[in-house]
Amino acid sequence: AQSVTQLDSQVPVFEEAPVELRCNYSSSVSVYLFWYVQYPNQGLQLLLKYLSGSTLVESINGFEAEFNKSQTSFHLRKPSVHISDTAEYFCAVSDGPGGGADGLTFGKGTHLIIQP
Amino acid sequence: ETGVTQSPTHLIKTRGQQVTLRCSSQSGHNTVSWYQQALGQGPQFIFQYYREEENGRGNFPPRFSGLQFPNYSSELNVNALELDDSALYLCASSSQGKPPYEQYFGPGTRLTVT
């Protein structure tokens, strides 16, 4: 079974500072990786995904994540955060590109707190 | 393009009762997955439905059951409710076997069991 570890339950950063949210996953033959964001009282929104190809993936709002197979990591980064980035961030893994028959396995989440 | 919708938004039930939650998948999607998100936790996979059959299941007891209809909408049924069933229940739709592969989530149903 897959597993995901998000090492930080809460990350406070100042506005316009860089941030890294860490994610490690259990090794598997094939792995598909996702970052989802959840704003208060809302469902999950896909931020970015790694299915294959380039190990660096980017989202439209400035986030990026790098797939590192040797370290089994998929850390999320943003060079300059904004107040609107305050949310809960979930890393997820699956053995199929659409979730597979075992669905997505999520980490416990990291609460990103942006301080003015 | 219609997104994933869920009903009801909130629900309060008593321990021992039964509950049915509903999900309409995004247009063009043929697969529905259900997740349970307890407070302060990440979502946990309950099961997935494809072509009206259960396609995969997480570590949940049989009192959690589901249905998928010909229009790809889905229901999650929970019998003999327990206090620990209090959670946000998320439905996600996707296209089995064709891109885009990601799961699109609905806003969820908040279930409180008293």
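The following refers to the structure shown. (Residues numbered from 1 in each chain as written. Chains lettered and ligands numbered in written order. Predicted model: local features only at pLDDT ≥ 70, side-chain atom pairs only at ≥ 80, totals over all residues. Heavy atoms only, no water.)

Thoughts on the overall build of chain B
Helix and strand counts for chain B come out as zero helices and 11 strands. Along chain B, from the amino end to the carboxyl end, the secondary structure elements read β-β-β-β-β-β-β-β-β-β-β. Across its three principal axes, chain B shows a C-alpha extent of roughly 40 × 25 × 25 Å. Per-residue burial for chain B yields a buried fraction of 48% across its 114 residues. (Helix = DSSP H or I, 4+ residues; strand = E, 2+ residues; numbered from the N terminus. Buried < 20%, exposed > 50% of the residue type's maximum accessible area, 1.4 Å probe, protein only.)

A short note on the nonpolar core
Residues and elements named next belong to chain A. With 27 residues, the main nonpolar core has Trp 35, Leu 48, Phe 74, Leu 76 and Tyr 89 as its most contacted residues. Where this core is concerned, the elements lending two or more residues are strand S2 (10-14), strand S3 (19-21), strand S5 (32-38), strand S6 (44-50), strand S8 (64-68), strand S9 (73-78), strand S10 (87-94) and strand S12 (110-115). The biggest single contributor to this core is S10, with four residues. Setting aside chain neighbours within four positions, we find Tyr 89 in contact with Gln 6, Leu 21, Trp 35, Tyr 36, Val 37, Leu 47, Phe 63, Leu 76, Gly 109, Thr 110 and Leu 112. (Core = buried A, V, L, I, M, F, W, Y, C linked by side-chain atoms within 4.5 Å. Contact = heavy atoms within 4.5 Å.)

A few points about the state of the cysteines
Tallied over the entire structure, the rule returns two disulfides over all chains. Disulfide pairing is shown between Cys 23 of chain A and Cys 91 of chain A; the S-S distance is 2.0 Å. With the S-S bond torsion at -65°, the cross-link from Cys 23 of chain A to Cys 91 of chain A turns out left-handed. Of this pair, Cys 23 of chain A sits in the loop between S3 and strand S4 (24-25) while Cys 91 of chain A sits in strand S10, placing them 68 residues apart in sequence. Grouping residues by exposure puts Cys 23 of chain A and Cys 91 of chain A together as buried. The partner cysteine of Cys 23 of chain B in its disulfide is Cys 91 of chain B, sulfur to sulfur 1.7 Å. Here Cys 23 of chain B and Cys 91 of chain B share a disulfide; its torsion about the S-S bond, -50°, makes the bridge left-handed. With a gap of 68 residues between them, Cys 23 of chain B in strand S3 (residues 19-24) and Cys 91 of chain B in strand S9 (residues 87-94) connect regions that are remote in the sequence. (Disulfide = S-S within 2.5 Å.)

A short note on the interface of chain B and chain A
The interface is formed by 21 residues belonging to chain B together with 21 residues belonging to chain A. Of the roughly 1500 Å² buried between chain B and chain A on both sides combined, carbon and sulfur atoms contribute 54%. There are one salt bridge connecting chain B and chain A. As a salt-bridge pair, Glu 102 of chain B and Lys 49 of chain A come within 2.4 Å of each other at their nearest N and O atoms. Here chain B and chain A share four residue pairs in polar contact (both at pLDDT 80 or more) between them. At the level of elements, strand S4 (31-37), strand S5 (44-50), strand S6 (53-57) and S9 of chain B are the ones that each hand at least two residues to the side of chain B that touches chain A. Grouping the constituent residues of the side of chain B that touches chain A by class yields nine nonpolar, 10 polar and two charged. (Buried area = accessible area lost by both parts, 1.4 Å probe. Salt bridge = Lys/Arg side-chain N within 4 Å of Asp/Glu carboxyl O. Polar contact = N/O pair within 3.5 Å; in protein donor to acceptor, adjacent residues only side chain to side chain. Nonpolar A, V, L, I, M, F, W, Y, C, P; charged D, E, K, R; others polar.)

Description of the packing of aromatic side chains
Enumeration according to the criterion identifies 13 aromatic pairs over all chains in this entry. Relative to Phe 106 of chain A, the ring of Tyr 36 of chain A has its centre 5.8 Å away and its plane inclined at 55°; by these criteria the two rings are tilted. Pair noted here: Tyr 36 of chain A is in strand S5 and Phe 106 of chain A is in strand S11 (residues 105-106), with a separation of 70 residues, a long-range link. Just as Tyr 36 of chain A is buried, Phe 106 of chain A falls in that class too. Put simply, the rings of Phe 34, Tyr 36, Phe 90 and Phe 106 of chain A together with Tyr 35, Phe 45 and Phe 105 of chain B pair up and form one aromatic cluster. (Phe/Tyr/Trp six-rings, centres within 6.5 Å; stacked < 30°, edge-to-face > 60°.)

Re the pattern of salt bridges
Two side chains with opposite charge may pair up if their charged atoms get near one another. Tallying each qualifying case throughout the model produces nine salt bridges over all chains. Note that Glu 54 of chain B and Arg 57 of chain B form a salt bridge whose closest N and O atoms lie 3.0 Å from each other. The exposure class of Glu 54 of chain B is partly exposed, given its relative accessible area of 39%. A relative accessible area of 28% means that Arg 57 of chain B is categorised as partly exposed. Through salt bridges with shared partners, a single ionic network connects Glu 20, Glu 66 and Arg 77 of chain A.

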